[in-house]
Amino acid sequence: MSVIANTLSTRTSLAILTMPDPEQGFRGNRANFIDLIQTGKKLGAFVYVLTTDDLRAGDKRVYGYVYNVENGIWTRQLLPMPHVIYNRLPTRTDEQLPEVQNVIKDCLKKKNVRLFNPYFFNKWALFEWLNSDKETQRFIPATRRLSSPQELASFMQSHPMVYLKPIRGKAGKGIMRLETNTPGRKYWCKLIIQNHKKSIVTNHLNFAKLWTRIKQEITDEDYIIQQGILLAESEGRPFDLRVLVQKSGTGKWFITGIGARVAGVKSITTHVPRGGHIDNPHNALISSFGETRTPIILRKVNNAALTIARRIEKASGYKLGEMSLDLGVDRNGRIWFFEANSRPMKFDEPDIRETSLARIIEYTQFLSRPRPARTGKKSG
Ligand SMILES: Nc1ncnc2c1ncn2[C@@H]1O[C@H](COP(=O)(O)OP(=O)(O)O)[C@@H](O)[C@H]1O
Ligand SMILES: [Mg+2]
C-alpha cells in the first residue's frame, strides 16, 4: 500500500463520483473538483476523484485520481474505499446508462460506503412530492403533464400566462411561455420560445396554429405545463432566487446562501448564460418591497426553502446532502417554487461558494462518524 493509502484509513475520505474518459481519465469540471479537494485538505478530509468504471461498491479498495496540490499533477492510485461518495455525474444521459445505474444501485445497497444525492430530480416528480404535502402545496404553481393538446387548451382557459417546460430540463433549455388575453392585441396568443440569449416570439390566431408551432419545439420530450407567475422586478427586470440548501456537520439542513438572478432583457428565464445577471437578494427585493418588507420576505424564503428541502428528501426516499432551489417571489410578495436541482451548479458569490465547499466536507465528516446506537428505534 502506498504512503497515502496508509494514512488514509484513519482519515475521513470523500470520493467525487464522475464518468470515465478515455483520454483525460475522468470527466467533469476539474477546477471545481480541485476547489473541493483543497477545502478537504484544510478541514482534514482526503478527497479524490472516482469514476463509475472503477467503483465496485463491495470492494475494500478502488482506483481513484489523486490531485497533488503542490505540483498540480493528477495520479491514478489504488486507494481504500471512500467513506462517502459525492455524486457529480455530469448529465442525465450518463446517469441513465445501464452500467451506471448498476453502480448507483450497488452503492445504495452496500453499508461500507455512503452515497448521497443518488439521482437527478425531474420536474414532474418534484411537483407530485410537493403537491401531496400540506406544508409545501402552497408554494407550487398549478402544474399538469402535457399529455395532449386538449390538456393545454383547457389549462389556458384558466391561466392567462403559461410556462411549458421539459420534465428533464436544465438551464432554460426548451422553455416556452404563452400569453393570452392581453388587452389591445390583435392575436389570440403570443408564444415566446427561449433560445440562447434571445427569444423567438410568434403570434397565433387560434389554438390549432399555436399547437402546430409548439409541436415543432417539443418533438418527443416530456413536458409539464405550469401557471406562469408574475415575478417581482428589480429595476424593471423580473428576477428569481436561487437558494442553496445543504446539510452541515450536524446532519441537519441549513441555508448556505441565496442569490438573486435577474432576467436578461429578452429572456423569459433568469439564467446567467441567457443574459441574466447576479444580484444580492436584498438589493433585488428592496426595489419592489422596500426596507420593511424585504427582511420579512427573506425570512419567509429561508423557511420555505428548508421546508421544501426536507419534504423533497423524505419523498425521494434517498439520502440527500444538498440541493439548489429556484424560487420566485411574485408582485404581492408570495413565494413560489419552480424547481430543485440535485446537482447544484457552482454559485459565483464568493462567500456562498466558500461555505458550500466547507459544508460538503462537514457533512462527509458527519456521515463517516461512528454513530452511537440509536435508542427507541428498531435497528435495520
Ligand atoms: N411558472 C413559472 N412562472 C414564471 N417564471 C417561471 C416559471 N417557471 C419557470 N420560470 C422561470 O424560468 C426559469 C427556469 O425554470 P426552471 O423550472 O428552473 O427550468 P430549468 O430547469 O431550465 O432551469 C426560472 O428560474 C424562472 O425564472
Ligand atoms: Mg432552474
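In what follows, the accompanying structure is described. Here the structure is a predicted model, which means the values were calculated and not measured. (Residues numbered from 1 in each chain as written. Chains lettered and ligands numbered in written order. Predicted model: local features only at pLDDT ≥ 70, side-chain atom pairs only at ≥ 80, totals over all residues. Heavy atoms only, no water.)

### Section: the site of ligand 1
In step 1: In the vicinity of ligand 1, 20 residues are found, and the nearest of them are K123, K165, G172, I229 and D240.
In step 2: One of the side-chain N or O atoms of K165 is found 2.7 Å from an oxygen atom in ligand 1.
In step 3: For ligand 1, a nitrogen atom lies 2.8 Å from a polar atom in the backbone of Q227.
In step 4: Relative to its unbound accessible area of 550 Å², ligand 1 is 98% covered by the protein chains.
In step 5: Among the elements of the structure, β10 (161–166), β14 (223–227) and β20 (335–341) are those that each provide at least two residues to the shell around ligand 1.
In step 6: Across the shell around ligand 1, the residue classes break down as six nonpolar, eight polar and six charged. (Near = heavy atom within 4 Å. Polar contact = N/O pair within 3.5 Å; in protein donor to acceptor, adjacent residues only side chain to side chain. Areas by Shrake-Rupley, 256 points an atom, 1.4 Å probe, with all protein chains shown as cover. Helix = DSSP H or I, 4+ residues; strand = E, 2+ residues; numbered from the N terminus. Nonpolar A, V, L, I, M, F, W, Y, C, P; charged D, E, K, R; others polar.)

### Side note on the packing of aromatic side chains
In step 1: This model, assessed by the stated rule, comprises 13 aromatic pairs.
In step 2: Seen in terms of ring centroids, F26 and Y65 are 5.1 Å apart; in terms of plane orientation they differ by 55°. Their pairing is tilted. Within this pair, whereas F26 is found in strand β3 (residues 25–26), its partner Y65 is found in strand β5 (residues 61–68), the two being separated by 39 residues in sequence.
In step 3: A relative accessible area of 11% means that Y65 is categorised as buried. (Phe/Tyr/Trp six-rings, centres within 6.5 Å; stacked < 30°, edge-to-face > 60°. Buried < 20%, exposed > 50% of the residue type's maximum accessible area, 1.4 Å probe, protein only.)

### A few points about the coordination of the magnesium ion (ligand 2)
In step 1: Bound to the magnesium ion (ligand 2) are the protein donor atoms D326 (OD) and E339 (OE), situated 2.1 Å from the metal. Of this pair, D326 sits in strand β19 (residues 322–329) while E339 sits in strand β20, and the two are 13 residues apart along the sequence. (Donors = N, O, S within 2.8 Å, 3.2 Å for Na, K, Ca; no water.)

### Comments concerning the environment of Q226
In step 1: The topology assignment puts Q226 in strand β14.
In step 2: A relative accessible area of 5% means that Q226 is categorised as buried.
In step 3: Residues in contact with Q226, not counting those within four places in the same chain, are P141, A142, T143, F155, M161, V162, Y163, K165 and F338.
In step 4: Separated by 3.0 Å, the side chains of Q226 and T143 make a polar contact.
In step 5: Side chain to side chain, Q226 and K165 meet in a polar contact 2.9 Å long. (Contact = heavy atoms within 4.5 Å.)

### Let's talk about the side chain of R311
In step 1: Along the chain, R311 falls in helix α9 (residues 281–316).
In step 2: The buried category is assigned to R311, whose relative accessible area is 17%.
In step 3: At a separation of 2.9 Å, a polar atom in the side chain of R311 contacts the main-chain carbonyl oxygen of W129.
In step 4: R311 has contacts with W129, L130, S132, D133 and T136, leaving out every residue within four places of it along the chain.

### A look at a positive patch on the surface
In step 1: A cluster of basic residues, R114, K319, R369 and R371, forms a positive patch on the protein surface.
In step 2: One can find K319 in the loop between α9 and β19. (Patch = residues over 30% accessible without salt bridge, like charges linked within 9 Å, V, L, I, M, F, W, Y side chains within 5 Å. Salt bridge = Lys/Arg side-chain N within 4 Å of Asp/Glu carboxyl O. Lys, Arg positive; Asp, Glu negative; His and termini not counted. Charge placed at Lys NZ, Arg CZ, Asp CG, Glu CD.)

### Some words on the sheet that holds strand β13 (residues 198–204)
Strands pair in a sheet through their backbones, by hydrogen bonds, and they do so in one of two ways: parallel or antiparallel.
In step 1: An order of β9-β14-β10-β11-β12-β13 is seen for the six strands of this open sheet, with the pairing classed as antiparallel. Only two strands of the sheet have a single partner each, and these edge strands are β9 (143–145) and β13. Here the average twist between neighbouring strands, direction ignored, is 20°.
In step 2: Here five bridges tie strand β11 (residues 176–180) to strand β12 (residues 189–195), and the two strands are oriented antiparallel to one another. Residue L178 lies in a different strand from β12, and its bridge partner there is L191.
In step 3: Contacting β9, β10 and β14, helix α5 (residues 123–131) crosses the sheet at an angle of about 130° to β9.
In step 4: Relative to β12, helix α8 (residues 207–218) is tilted by about 10°, and along the sheet it contacts β10, β11, β12, β13 and β14. (Pairing = 2+ DSSP bridges. Axes fitted to C-alpha atoms, helices over the stretch in contact; angles between N-to-C directions.)

### Quick notes on the nonpolar core
In step 1: Counting 39 residues, the largest nonpolar core has V243, V245, I312, M323, L325, L327 and F337 as the members making the most contacts within it.
In step 2: Every element with two or more residues in this core is listed here: α5, β16 (237–247), β17 (253–262), α9, β19 and β20.
In step 3: Sorting elements by how many residues they give to this core places α9 first, with 12 residues.
In step 4: Apart from the residues within four sequence positions on either side, I312 is in contact with F121, L126, W129, L130, L320, M323, L325, F337 and A340.
In step 5: Counting residues in each nonpolar core, the second largest holds 22 residues, with I16, A45, Y65 and F366 among its members. (Core = buried A, V, L, I, M, F, W, Y, C linked by side-chain atoms within 4.5 Å.)

### A look at the pairing of β12
In step 1: With five of seven residues buried, β12 lies mostly within the body of the structure.
In step 2: As paired elements, β12 and β13 share seven bridges and run antiparallel to each other. Opposite Q194, over in β13, you have S199 as the bridge partner.

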